[in-house]
Amino acid sequence: MSILILHTSNASRRKHLATARRYAHRHGERLLLVVQNPTWEREYADRVVAADTSDIGQTVRAVRDLATIETEPIRAVAAFVEHSVPAAAAVAAELGLPFVSEKTAYAARDKHAMRSAFARRGIPQPRFGLARTLAEARGVARRVGYPLVLKPVIGGGSMYVRRVDDDAELAEHFETIRRKSWASFDYDPLCRRAMRRHDESLMLEAYVAGGEVSVESIVIGGETHVLAVHDKPLPMHGPYFEEVFYATPSALPPAAVARIAEITAQAHRALDITMGATHTEFRIAPGEEPMILETAARLGGGPVYRSVLLSTGVDMVEAVLDLALSRPPRLRPTQRTAVGFYLFFAERAGTVTAVHGVEEAAADARVHEVDVYRRVGDQVDVPPHVWQAHGHVIFSAPDRDGLDEVYARLVKTVRIDVD
Ligand SMILES: Nc1ncnc2c1ncn2[C@@H]1O[C@H](COP(=O)(O)OP(=O)(O)O)[C@@H](O)[C@H]1O
Ligand SMILES: [Mg+2]
């Protein structure tokens, strides 16, 4: 029988596909991959179908055709990339296979739909509103208060999420960010639907001060199992919020971590995420109630998978595949290692002329993986115009504090030169 992975080409997901191939072969399953413009991905699958998984209709048709030529039945559907989740939900519904519903896949992407679902459950979160015009934005600002955050309704990677502190800044940034928000995410499978539904509005939210964490969970039959909490130890005050350093386990007090796990489970129930991996983000000020930012019905991006694996011994890709095949996943941690990762960008936009420090970083015994997604000659941009870093380094340390020191060294070592 076969496992079907719906995928969007993404240099940071090589390890996910490698695990999926090993897993499939170990269990005597074929691995089928649907991805647009497949290149290096081909080596990981028994059959690759070229289709754009950000086009839900095209993907469903491609899978129907695939099912007619495959001799073995498709038994499971999985996706490791945000943009393939809605198509995976549609395909699973068509084939009668376990996955989150299409409604859930939508609610986990539309930031207004998500906040509205959280609000109905009384889940702690910032005040929020939608605005189509500057006059409407001023009205929302009066209600939520400054500072506030402007953000795309359908977004990702903090792209075009911006803090504004007063009426003058709102007037300066509102219209530009509103337009760029919709234009930059038009490749997202749900962008057009959200655009119509919200008349091309922009989200506004009260700015939550405090530290930020991300929570990686597996949901089985509606029950949430939190596997890891990563701190984002660098202050993120804005105006833009690029993420460069993650560290796990969290340095937060156990009671705060327990409360975060509780709210994560409530958020899953609010969106009806009953199975699979999730990635949930919070802001928390010392001594205050954690405020949820968002939850996604998929694994955390890029290095999060390996970071959880190295830190806890739990393999979230295997867990996702187990759930897709209706097997009980192995979720018990076998270790507790301090692990961090550094996401690096270029200093400015341009053409990559050199990547420095990769070998030096890799020679450090504490470094587990250095991955550069770009090559010399590639065009790169900088936040807030990009949704993904240009590479990552995953590292460990004897304890959580030790991660800061490794990070500080890596920042000086790994550099992208642009012209
Ligand atoms: N209400 C808020 N208060 C403070 N910071 C925020 C708020 N909303 C978003 N941010 C910052 O912007 C980042 C990206 O926002 P998020 O809602 O997670 O969108 P996405 O990750 O899809 O781009 C967050 O990780 C956080 O640092
Ligand atoms: Mg986010």
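As the structure is a computational prediction, the values presented were derived from the model and not from experiment.

1. Examining the overall build of the protein chain
So, step 1. From N to C terminus, the protein chain includes 13 helices and 19 strands.
So, step 2. Within the protein chain, counting contacts between residues at least 6 apart in sequence, those at least 24 apart form 69% of the total.

2. A look at the pairing of strand β15 (residues 350-356)
So, step 1. Where β15 lies against strand β17 (residues 379-380), 2 bridges are found, and the strand directions are antiparallel. In the sheet register, G350 faces β17, and the bridge partner there is V380.
So, step 2. Bridge analysis of β15 against strand β19 (residues 415-418) gives 4 bridges, and the strand direction is antiparallel. Bridge pairing in β19 links H356 to R415.

3. Considerations on the nonpolar core
So, step 1. Of all hydrophobic cores here, the largest spans 125 residues; its most connected members are A78, A88 and M316.
So, step 2. Not counting residues within four places of it along the chain, the set of residues in contact with A88 comprises L6, V77, A78, A79 and F99.

4. Focus on the pairing of strand β4 (residues 74-79)
So, step 1. Along β4, 5 of the 6 residues are buried, which leaves the element largely enclosed by surrounding structure.
So, step 2. Summarising the sheet, strand β1 (residues 2-6) and β4 pair through 5 bridges and their orientation is parallel. Counterpart to L6 in the pairing with β4 is A79.

5. Quick word on the site of ligand 1
So, step 1. Near ligand 1 lie 19 residues; those nearest to it are S158, V161, E205, V208 and F241.
So, step 2. Looking at the shell around ligand 1, the elements that each hand over two or more residues are β6 (148-151), β12 (276-284) and β13 (291-296).
So, step 3. Residue composition of the shell around ligand 1, by class: 9 nonpolar, 4 polar and 6 charged.
So, step 4. When residues of the shell around ligand 1 are assigned to domains, at least three fall in each of domain 2 (127-206) and domain 3 (211-418).

6. Focus on the sheet that holds β15
So, step 1. If you walk across this open sheet you meet the 3 strands as β17-β15-β19, and the pairing is antiparallel. One side of each edge strand has no neighbouring strand; the edge strands of this open sheet are β17 and β19.

7. Focus: the sheet that holds β4
So, step 1. The 4 strands lie next to each other as β3-β2-β1-β4, forming an open sheet whose pairing is parallel. The sheet is open, and its two borders are formed by β3 (47-49) and β4, each paired with just one other strand. Going from strand to strand, the sheet's axes swing by 20 degrees on average, the running direction of each strand aside.
So, step 2. Bridge count for strand β2 (residues 30-34) against β3 is 3 bridges, and the pairing is parallel. Bridge pairing in β3 places V34 opposite V49.
So, step 3. Against the sheet, helix α1 (residues 14-26) touches β1 and β2, its axis set at about 145 degrees to β2.
So, step 4. Across the face of the sheet, helix α3 (residues 85-95) comes into contact with β1 and β4 while running at roughly 160 degrees to β4.

8. Let's talk about the UniProt feature "domain: ATP-grasp" (unreviewed entry) in the protein chain
So, step 1. Sequence positions flagged by UniProt for "domain: ATP-grasp" (unreviewed entry) are, in local numbering, residues 115-325.
So, step 2. End C-alpha to end C-alpha, residues 115-325 measures 31 Å, and it is 37% helix and 26% strand.

9. Some details on the environment of I416
So, step 1. Following the sequence through the fold, I416 ends up in strand β19.
So, step 2. With 345 residues separating them in the primary sequence, I416 and T71 have C-alpha atoms 47 Å apart.

10. Structural notes on unusual backbone geometry
Glycine aside, negative phi is the norm for most residues, and most peptide bonds take the trans geometry.
So, step 1. For the bond from T248 to P249, the omega torsion is 0 degrees, close enough to zero to count as cis.
So, step 2. Here P249 lies in the loop between β11 (245-248) and α9 (254-271).
So, step 3. Of the consecutive residues P383 and P384, the connecting peptide bond is found in the cis state with omega at 10 degrees.
So, step 4. When you line up the elements, P384 lands in the loop between β17 and β18 (391-397).
So, step 5. For N37, which is not glycine, the phi torsion reads 45 degrees and is therefore positive.

11. Considerations on the domain arrangement of the protein chain
So, step 1. Assigned domains of the protein chain: these are domain 1 (2-99), domain 2 (127-206) and domain 3 (211-418).
So, step 2. One C-alpha centre belongs to domain 2, the other to domain 3, and the line joining them spans 25 Å.
So, step 3. With 8 residues of domain 2 at the contact, the number on the domain 3 side is 11 residues.
So, step 4. Its residues assigned to classes, the side of domain 2 that touches domain 3 shows 3 nonpolar, 3 polar and 2 charged.

12. A closer look at the packing of helix α2 (residues 56-69) against α3
Two packed helices can be described by the angle between their axes and the distance between those axes.
So, step 1. For the pair α2 and α3, the least separation of the axes is 9 Å and the interaxial angle reads 45 degrees. By the criterion of interaxial angle, the relationship of α2 to α3 is oblique. Both α2 and α3 take part in a crossing whose hand is right-handed. Residue-level inspection shows I56, T59, V60 and V63 of α2 in contact with α3, the latter providing P86, A87, A90, V91 and E94.

13. Examining α1
So, step 1. The end-to-end C-alpha separation of α1 is 18 Å, in line with the 18 Å expected for 13 residues at 1.5 Å each.
So, step 2. Buried residues of α1: H16, L17, T19, A20 and A24, and no others. Looking straight down α1, one finds that the buried residues subtend no more than 160 degrees of arc, so they occupy a single side. Exposed residues lying more than 90 degrees from the buried face of α1 are H25 and R26.
So, step 3. The elements touched by buried residues of α1 are β1, β2, α10 (304-312) and α11 (316-324).
So, step 4. Looking one or two residues beyond α1, the residue adopting positive phi is G28, at roughly 70 degrees.

14. Topic: the packing of helix α6 (residues 134-144) against helix α7 (residues 167-184)
So, step 1. Running from N to C, α6 and α7 point in directions that differ by 135 degrees, and their axes come no closer than 10 Å. Considering the angle they form, α6 stands oblique to α7. The chirality of how α6 crosses α7 is right-handed. Between α6 and α7, the contacting residues are L134, A137, R138 and A141 on the first element and D167, L170, A171, F174 and E175 on the second.

What counts as what
- Residues numbered from 1 in each chain as written.
- Chains lettered and ligands numbered in written order.
- Predicted model: local features only at pLDDT ≥ 70, side-chain atom pairs only at ≥ 80, totals over all residues.
- Helix = DSSP H or I, 4+ residues; strand = E, 2+ residues; numbered from the N terminus.
- Contact = placed C-beta atoms within 7 Å.
- Pairing = 2+ DSSP bridges.
- Core = buried A, V, L, I, M, F, W, Y, C linked by C-beta atoms within 7 Å.
- Buried ≥ 20, exposed ≤ 12 C-beta atoms within 10 Å, placed from the backbone.
- Near = placed C-beta within 6 Å.
- Nonpolar A, V, L, I, M, F, W, Y, C, P; charged D, E, K, R; others polar.
- Domains from an automatic or database assignment.
- Axes fitted to C-alpha atoms, helices over the stretch in contact; angles between N-to-C directions.
- UniProt positions renumbered as here; feature names shortened; annotations may be inferred.
- Parallel < 35°, antiparallel > 145°, perpendicular 65-115°, else oblique.
- Left-handed = near helix turned anticlockwise from the far one by under 90°.
- Expected span 1.5 Å × (residues − 1).
- Arc of directions from axis to C-beta.

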